[in-house]
Amino acid sequence: MVLDLPGGKVVLTPEMRFISESPEERAQCYRVLDNDGQLIMCSNFKKVGEEIAVKMYTDMVTLQTMDAVFYEAQRQGRISFYATTIGEEAINIASAAALTTDDLVFPQYREPGVLLWRGFTLQEFANQCFGNKADYGKGRQMPIHYGSNKLNYFTVSATIATQLPHAVGAAYSLKMDRRNACVITYFGDGGSSEGDFHAALNFAAVMEVPAIFFCRNNGWAISTPTSDQFRSDGVVVRGRGYGVRSIRVDGNDALAIYSAVHAAREMAISEHRPILIEAITYRVGHHSTSDDSTKYRPVDEIEWWRSARDPVARFRKWIESNGWWCSEAESELRNNVREQLLHAIQVAEKIEKPPLAELFMDVYDVPPSNLCEQEKLLGETVRRNPQYYPPDVSL
């Protein structure tokens, strides 16, 4: 016998049977390259030509180098904050390579590689981190909170998971406009513990929007391990609960990431459906420059992931095996990128800071009286205590 409900027919049974809290087998993890950068036999993946593969690799190296240089700059006191993407370079670059620039990106704060792939320059990165006049955010955001209207990359917000419902709303608008594009939104395993995650997945599934939910399951939400966050088999299994097609991918395998996102994009647009991708990876770097991750996880564990599971080294072995890369090109690339970054920092440091008046603009057409009063009081405070404010900051 069946019960005919609005959501579909449900089979009736006289047997009392609870759904198990954990499946007998964990969800499998899709991969294409083994740890030595060799294709796994019978791999099913989207073919990548030499031009795209080399650009993917050079951008991964550029991202890796940028992290090292800006991290050093923060430690020298030249910028106030930074967060690296060490160990997650493949997630950044390979996912971006599978999209088009018409696709909208709602990032968390560990996806600068997506911007890099789309053409954001090293100088633009430096301008934002130094908060100078050339920064598109006018110096009002913390470093690494990038954004670009031109590149369809929505400005980073530090609050966890708020980008997820925003992404669903944007995807719904793409569907209503019948645009040949989708939305991708990134978040960490910690973000999946927020209510916004559940609301976003449910709304996306019900409204059948072209959205890709990309979870970087890197093991740690700052200092909280996944074992203290949830008892489910990671994040991928949650998709089924909301009626969202899902896949688990090796986040350190650039070819697997590229193939999964490429397929997800096709399904999202052609079938009008959301897709959930869980990328299994590891945050090799500290959560940010405000964190010392050796206080809560073993140093040996960090070093093992850094050496044995490095996504950049793995992808390099694959392009070298195809005859597309060599040691000479490697040395030249790393030297050139480091020189460009150091030059970008020197330029960014010399550019003036935005005037303090910029703090009160771009929200109201006509500023309310309380905001005008705050601006006046700030000006008076600076003039009374100039020794406490940088000399290059004007009113």
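Residues numbered from 1 in each chain as written. Predicted model: local features only at pLDDT ≥ 70, side-chain atom pairs only at ≥ 80, totals over all residues. Heavy atoms only, no water.

Undergrad: Give a detailed account of the nonpolar core, specifying residues and quantitative values.
TA: Within the largest apolar cluster, 75 residues are counted, with the highest numbers of intra-cluster contacts made by Met56, Phe70, Phe125, Tyr146, Phe214 and Phe315. Among the elements that line this core, the one with the most residues is helix H1 (residues 50–75), at eleven residues. Discounting chain neighbours no more than four positions away, the residues touching Phe214 are Ile91, Ser95, Ile184, Thr185, Tyr186, Phe187, Ile257, Val261, Ile277 and Ala279. (Core = buried A, V, L, I, M, F, W, Y, C linked by side-chain atoms within 4.5 Å. Buried < 20%, exposed > 50% of the residue type's maximum accessible area, 1.4 Å probe, protein only. Helix = DSSP H or I, 4+ residues; strand = E, 2+ residues; numbered from the N terminus. Contact = heavy atoms within 4.5 Å.)

Undergrad: Before we move on, could you go through the sheet that holds strand S4 (residues 183–188) and cite the residues and values that matter?
TA: What the five strands build is an open sheet, ordered S3-S4-S5-S9-S8; its pairing is parallel. Two strands lie at the open edges of the sheet, namely strand S3 (104–106) and strand S8 (245–250), each paired on one side alone. The average undirected angle you get between the axes of adjacent strands in this sheet is 20°. In this sheet, strand S9 (residues 275–280) lies alongside S8 in parallel orientation, the contact comprising six bridges. Directly across from Asp250, in S9, lies its bridge partner Ile280. Of the strands in this sheet, S4, strand S5 (211–217) and S9 are in contact with helix H2 (residues 89–97), which crosses S5 at around 165°. (Pairing = 2+ DSSP bridges. Axes fitted to C-alpha atoms, helices over the stretch in contact; angles between N-to-C directions.)

Undergrad: Run through the pattern of salt bridges, naming residues and quoting values.
TA: Side chains that carry opposite charge are capable of pairing whenever their charged atoms lie near each other. All chains considered together, the criterion is met by 25 salt bridges. The partner of Arg17 in a salt bridge is Glu15, and the shortest N-O contact between them spans 3.1 Å. Ionic contacts of the salt-bridge type, sharing partners, join the residues Arg26, Asp233, Arg248 and Glu278 into one network. (Salt bridge = Lys/Arg side-chain N within 4 Å of Asp/Glu carboxyl O.)

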